[in-house]
Amino acid sequence: MNDQTRSNSGPDGSPESDPAAIDPAVLDRLLSMGDEAMRSALCAQMISDFQRLGAAIDDPDITKVAHSAHEMKGLAATIGAARLATMARSLDTVAKSLGAAAASALVGSTQSEVARVIAVLSDAAEDSSAA
Amino acid sequence: MNSQAPLSDTILLIEDTPSLQMIYKAALTRANLPVETCGTAADGLAAFARLKSRVVLLDLMLPDRAGLEVMKELLASEPQTCVIVITANGSINKAVEMMRAGAHEFLVKPFDDQRLINAIENARRSLHHRPRSTLAEARIQVLPPFIGHSSAMLAVYDKIRSVARSMATVFITGESGTGKELCAEAVHKASARSAGPFIALNCGAIPVGLLESEVFGHLRGSFTGAISDKQGAAAAADGGTLFLDEICEMDLNLQTKLLRFLQTSTITPVGATKPRKVNVRIICATNRNPLEEVRQGRFREDLYYRLHVVPIHLPPLRERGDDVNEIAETLVTQMAREEGHEFSGLSPRVRELFRNMAWPGNVRQLINVLRNVVVLNAGPLVTPEMLPPDLLSQRPMTTREPAAPTAPARPVLGDLAGRTLAQIERIVIEDTLARHNGSVPKSARELDVSASTLYRKLDAWSKAETPE
Ligand SMILES: Nc1ncnc2c1ncn2[C@@H]1O[C@H](COP(=O)(O)OP(=O)(O)OP(=O)(O)O)[C@@H](O)[C@H]1O
Ligand SMILES: [Mg+2]
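The model shown is predicted, which means the values in this text are computed figures rather than measured ones. (Residues numbered from 1 in each chain as written. Chains lettered and ligands numbered in written order. Predicted model: local features only at pLDDT ≥ 70, side-chain atom pairs only at ≥ 80, totals over all residues. Heavy atoms only, no water.)

K.L.:
Where do I start with the overall build of chain B in this structure?
P.N.:
Helix and strand counts for chain B come out as 21 helices and 14 strands. When contacts within chain B are restricted to residue pairs at least 6 apart in sequence, long-range pairs at least 24 apart make up 70% of them. For chain B, the accessible surface area stands at approximately 22,000 Å², while carbon and sulfur atoms represent 54% of it. (Helix = DSSP H or I, 4+ residues; strand = E, 2+ residues; numbered from the N terminus. Contact = heavy atoms within 4.5 Å. Areas by Shrake-Rupley, 256 points an atom, 1.4 Å probe, with all protein chains shown as cover.)

What follows is the structure, given as structure tokens:
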């Protein structure tokens, strides 16, 4: 992975807290669809999906990169992570049209955004366990 | 209802992203809809074989197989199934392909739970509307009020019936008078929303500046002349069908707004700040070649693909074999009854003539000719002498030139000598309008300019003539 692009990470490598990474209205609506158990299960699942996808977009196989970026775009858009959805869409398009070299330039910043999204989800998961 | 095993009410959800699976499942469960989920095409097909779900939610991008193949397999084993395709943004073209292959509807991620539930309810409603046993017989039948058994038209009826069960946008093309509006109404009537409104809006007949508020409505005071709130056609069609006729006459700015409407199913009336959800099925029509309009930059390509999901082309009357005589015989007796005259059909000579005529105005032209004949004559058969002389002087259809709506008047250059270009333009436009009974869209088509161009000119002339 390209380290220079990780500019948004905090000093210890953990992402800065950025609540704007996910539209709270969209997330709240999703998280309040079921009961408490459902809420924490969904948080955990989303975190796990984003971890998986964040790693998968760094695959040497460019078709896998495009596929994962596409999947990430759909998930990010659905949970209100608009910025990440846009980045994933660019990555998907670039991977398909311009190939591996061009795509790899976008991977780092996309992964940083994934980290910010995961941070917001972790906060939401804590809220639910506290409630 | 019939001998086959009944389909199950359990919705089958095939989606590979686990979080999305959970989210969709939670939305369905909350709406009391039973659901079973699968993450791969293989699992999905196996579950389908067991469940025979009436409604399947299918993600396009599955890890093991393409969604299109999966859908084809589902539909091959159970043609009654309603497949709702789920896709992320970039794959609109894929979704179009899926609709053509028989998908019921497609949802573009992100969509909210209400949109999902609506889609499923629409699918279920259309299933109630589909008595299976009569489907096969209906396929070979004519679709009233259409008249004509030509194979070209049987294919059209078939298409209308099959598209009616879905929510797919229908794009109707065909020359003037071929029955595009009739076709739009037929789709609506055969659909599960037939009890809802059918709202037709002719985009070519409304001045450009007013079209937006005609489609989306406006609030009182949002512009000069907006003296009260107005409900637009999109809102009026809520729960039913919105027919956008002469869609290619819509200006680019409004095309953008229409695209947004199609993507979000929400409308924002002129002057309003809050969007509002509406549930409409869109049908549009044009007698232009829409792809050519796209090529010329007059029609947005993305909107074209969004609208052009299921194309229906109405063949010109001259390509429908003996349909012309079937239509004529049916209508002439009907009209004669209205007029109190005794017509029972066409003479063999007229049948022969009708079959070989080019009919540039298609069925509408035929209707006008017959009306003329029936009013002015007593019967019992329509003979060549009764036909309007200009009809007989029309070129027969062996000439391959594109037919003009009416025979254009020969230019008499002498009359124009000494006039300015602007004056000549006005003479030509007024003459064209007169020949088309004042129809701006038709005149615009003949002059190959947009209807809005003509409206602007008419507007300018009338302003110039209004005394201060
Ligand atoms: N197959 C048919 N059988 C009987 N009547 C028909 C048939 N096709 C069209 N008509 C009638 O012909 C007339 C013209 O049809 P319609 O208005 O649907 O044409 P159109 O394609 O929308 O024309 P335009 O492009 O000029 O708007 C209508 O009165 C319609 O009822
Ligand atoms: Mg019409």
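K.L.:
Which parts of the structure should I look at to understand the side chain of Ser443(B)?
P.N.:
Tracing the sequence through the fold places Ser443(B) in helix 20 (residues 440-447). A relative accessible area of 0% places Ser443(B) in the buried class. (Buried < 20%, exposed > 50% of the residue type's maximum accessible area, 1.4 Å probe, protein only.)

K.L.:
Sorry if this is basic, but what is going on with the interface of chain B and chain A here?
P.N.:
In many analyses, interface size is given as the accessible surface area lost on bringing the parts together. Across the contact, 23 residues belong to chain B and 20 residues belong to chain A. Taken together, the two surfaces of chain B and chain A that pack against each other cover about 1,800 Å², and 68% of this comes from carbon and sulfur. Interface area lost by chain B to chain A is led by Met22(B), Ile23(B) and Met61(B), which between them contribute 30%. At the boundary of chain B and chain A, one finds one salt bridge. Where Arg29(A) meets Asp113(B), a salt bridge forms, and the shortest distance between an N and an O atom there is 2.6 Å. One can count four residue pairs in polar contact (both at pLDDT 80 or more) joining chain B with chain A. Broken down by secondary-structure element, the contributors of at least two residues to the side of chain B that touches chain A are helix 1 (18-30) and helix 5 (113-128) of chain B. Counting residues per element, the side of chain B that touches chain A draws most heavily on helix 1 of chain B, at nine residues. Its residues assigned to classes, the side of chain B that touches chain A shows 12 nonpolar, six polar and five charged. (Buried area = accessible area lost by both parts, 1.4 Å probe. Salt bridge = Lys/Arg side-chain N within 4 Å of Asp/Glu carboxyl O. Polar contact = N/O pair within 3.5 Å; in protein donor to acceptor, adjacent residues only side chain to side chain. Nonpolar A, V, L, I, M, F, W, Y, C, P; charged D, E, K, R; others polar.)

K.L.:
Explain the nonpolar core here, please?
P.N.:
The nonpolar side chains of a soluble globular protein tend to be buried with one another. The biggest cluster of nonpolar side chains holds 59 residues, and the ones touching the most others in it are Phe50(A) and Ile79(A). Here this core gets eight residues from one element, more than from any other, and that element is helix 5 (residues 100-130) of chain A. Beyond its immediate chain neighbours, meaning those up to four positions away, Phe50(A) contacts Met72(A), Leu75(A), Ala76(A), Ile79(A), Leu84(A), Val114(A), Val117(A), Ile118(A) and Leu121(A). Core analysis: the second largest hydrophobic core is formed by 45 residues, Leu58(B), Phe106(B), Phe146(B) and Val187(B) among them. (Core = buried A, V, L, I, M, F, W, Y, C linked by side-chain atoms within 4.5 Å.)

K.L.:
Got a minute to help me understand the environment of Leu201(B) in this structure?
P.N.:
Residue and element names in this part refer to chain B. Checked against the element boundaries, leucine 201 lands in strand 7 (residues 198-202). Sequence separation between leucine 201 and cysteine 284 is 83 residues; the distance between their C-alpha atoms is 9.5 Å. Beyond its immediate stretch of four places on either side in the chain, leucine 201 contacts Ile206, Leu211, Glu214, Val215, Ala233, Phe243, Leu244 and Asp245.

K.L.:
Even after reading the chapter, I still don't get helix 8 (residues 180-190) of chain B, so can you show me in this structure?
P.N.:
An α-helical turn contains 3.6 residues, so any two residues separated by three or four positions project in the same direction. Every buried residue belonging to helix 8 of chain B is among Lys180(B), Cys183(B), Ala184(B), Ala186(B), Val187(B) and His188(B), and all of these are buried. Elements that come into contact with the buried residues of helix 8 of chain B comprise helix 7 (151-164), strand 6 (170-173), strand 7, strand 8 (241-245), strand 11 (281-286) and strand 12 (310-313) of chain B.

K.L.:
What should I look at first to understand the packing of helix 9 (residues 208-216) of chain B against helix 11 (residues 252-264) of chain B in this one?
P.N.:
The description of two packed helices rests on the angle between their axes and on the distance between the axes. Residue and element names in this part refer to chain B. Look at helix 9 against helix 11: their axes get within 10 Å of each other, and the N-to-C directions meet at 15°. In terms of axis orientation, helix 9 runs roughly parallel to helix 11. Two packed elements cross with a definite hand, and for helix 9 against helix 11 that hand is right-handed. Judged by residue contacts, Leu211, Glu212 and Phe216 of helix 9 engage Leu254, Lys257, Leu258 and Phe261 from helix 11. For the contact of helix 9 with helix 11, a count of residues per class yields five nonpolar, no polar and two charged. (Axes fitted to C-alpha atoms, helices over the stretch in contact; angles between N-to-C directions. Parallel < 35°, antiparallel > 145°, perpendicular 65-115°, else oblique. Left-handed = near helix turned anticlockwise from the far one by under 90°.)

K.L.:
Where do I start with the packing of aromatic side chains in this structure?
P.N.:
Note on aromatic pairs: each is described by the distance of the centres and the angle between the planes. Residues and elements named next belong to chain B. Tallied over the full model, the rule gives seven aromatic pairs over all chains. When the centroid spacing of 5.8 Å and the interplanar angle of 80° are considered together, the rings of phenylalanine 216 and phenylalanine 261 count as edge-to-face. In this pair, phenylalanine 216 sits in helix 9 while phenylalanine 261 sits in helix 11, placing the two residues 45 residues apart along the sequence. A residue is classified by how much of its surface remains accessible, and phenylalanine 216, at 5% relative accessible area, is buried. Measuring from ring centre to ring centre gives 5.1 Å for phenylalanine 354 and tryptophan 359, while their planes differ by 80°; the resulting arrangement is edge-to-face. Of the residues examined, tryptophan 359 reaches a relative accessible area of 1% and is grouped as buried. Following the ring pairs from residue to residue traces out a cluster consisting of Phe171, Tyr304 and Tyr305. (Phe/Tyr/Trp six-rings, centres within 6.5 Å; stacked < 30°, edge-to-face > 60°.)

K.L.:
Would you explain the sheet that holds strand 6 of chain B in this entry?
P.N.:
Strand pairing in a sheet relies on backbone hydrogen bonds. The paired strands run either parallel or antiparallel. Residue and element names in this part refer to chain B. Here five strands make up an open sheet; going across it, the order is 7-8-11-6-12 and the pairing parallel. Only two strands of the sheet have a single neighbouring strand rather than two, namely strand 7 and strand 12. Sheet twist, expressed as the mean angle between neighbouring strand axes with direction ignored, is 20°. Strands strand 6, strand 11 and strand 12 of the sheet are contacted by helix 7, whose axis makes an angle of about 155° with strand 12. (Pairing = 2+ DSSP bridges.)

K.L.:
Looking at this structure, I do not really get the packing of helix 14 (residues 323-339) of chain B against helix 15 (residues 348-356) of chain B. What am I missing?
P.N.:
All names here are of chain B. Here helix 14 crosses helix 15 at 125°, and the two axes come no closer than 8 Å. Taken together, the axis directions place helix 14 and helix 15 in an arrangement best described as oblique. Relative to helix 15, the crossing made by helix 14 is right-handed. Counted together, Val324, Asn325, Ala328 and Glu329 of helix 14 and Arg351, Phe354 and Arg355 of helix 15 form the full contact between these two elements.

K.L.:
Looking at this structure, I do not really get the sheet that holds strand 2 (residues 35-38) of chain B. What am I missing?
P.N.:
Residue and element names in this part refer to chain B. Pairing within the open sheet is parallel, and its five strands lie in the order 2-1-3-4-5. Two strands lie at the open edges of the sheet, namely strand 2 and strand 5 (105-109), each paired on one side alone. Adjacent strand axes in the sheet meet at a mean angle of 20°, parallel and antiparallel pairs treated alike. Across five bridges, strand 4 (residues 82-88) lies against strand 5 in parallel orientation. Each bridged residue has a counterpart across the sheet, and for isoleucine 86 the counterpart in strand 5 is leucine 107. This element, helix 1, spans strand 1 (11-14), strand 2, strand 3 (55-59), strand 4 and strand 5 of the sheet and lies at about 175° to strand 2.

K.L.:
Any chance you could explain the confidence of the model for chain B here in plain terms?
P.N.:
Low pLDDT means the predicted coordinates in that region are not meant to be read closely. All names here are of chain B. Model confidence for chain B is summarised by a mean pLDDT of 83, while 87% of its residues fall at 70 or above. Per-element averaging of pLDDT across chain B places helix 6 (residues 132-139) at the bottom with 42 and strand 1 at the top with 96. Predicted confidence is poor over residues 131-139, with pLDDT under 50, and the contacts of this stretch with residues over four places away or in other chains come to 13 contacts. This prediction of the complex comes with two scores: 0.55 for pTM and 0.87 for ipTM. (pLDDT = per-residue confidence, 0-100.)

K.L.:
Explain the site of ligand 1 here, please?
P.N.:
Residue and element names in this part refer to chain B. Close to ligand 1 lie 17 residues; Ile147, Ser176, Gly177, Lys180 and Arg364 are nearest. Between glutamate 181 and ligand 1, the recorded distance is 3.0 Å, taken from a backbone N or O atom to an oxygen atom. Contacts to ligand 1 include arginine 364, whose side-chain N or O atom sits 2.7 Å from an oxygen atom. Here ligand 1 has 640 Å² of accessible area as a free molecule, and 83% of this is covered by the chains. Those elements giving two or more residues to the shell around ligand 1 turn out to be helix 8 and helix 16 (362-376). Partitioned by chemical class, the residues of the shell around ligand 1 number seven nonpolar, five polar and five charged. (Near = heavy atom within 4 Å.)

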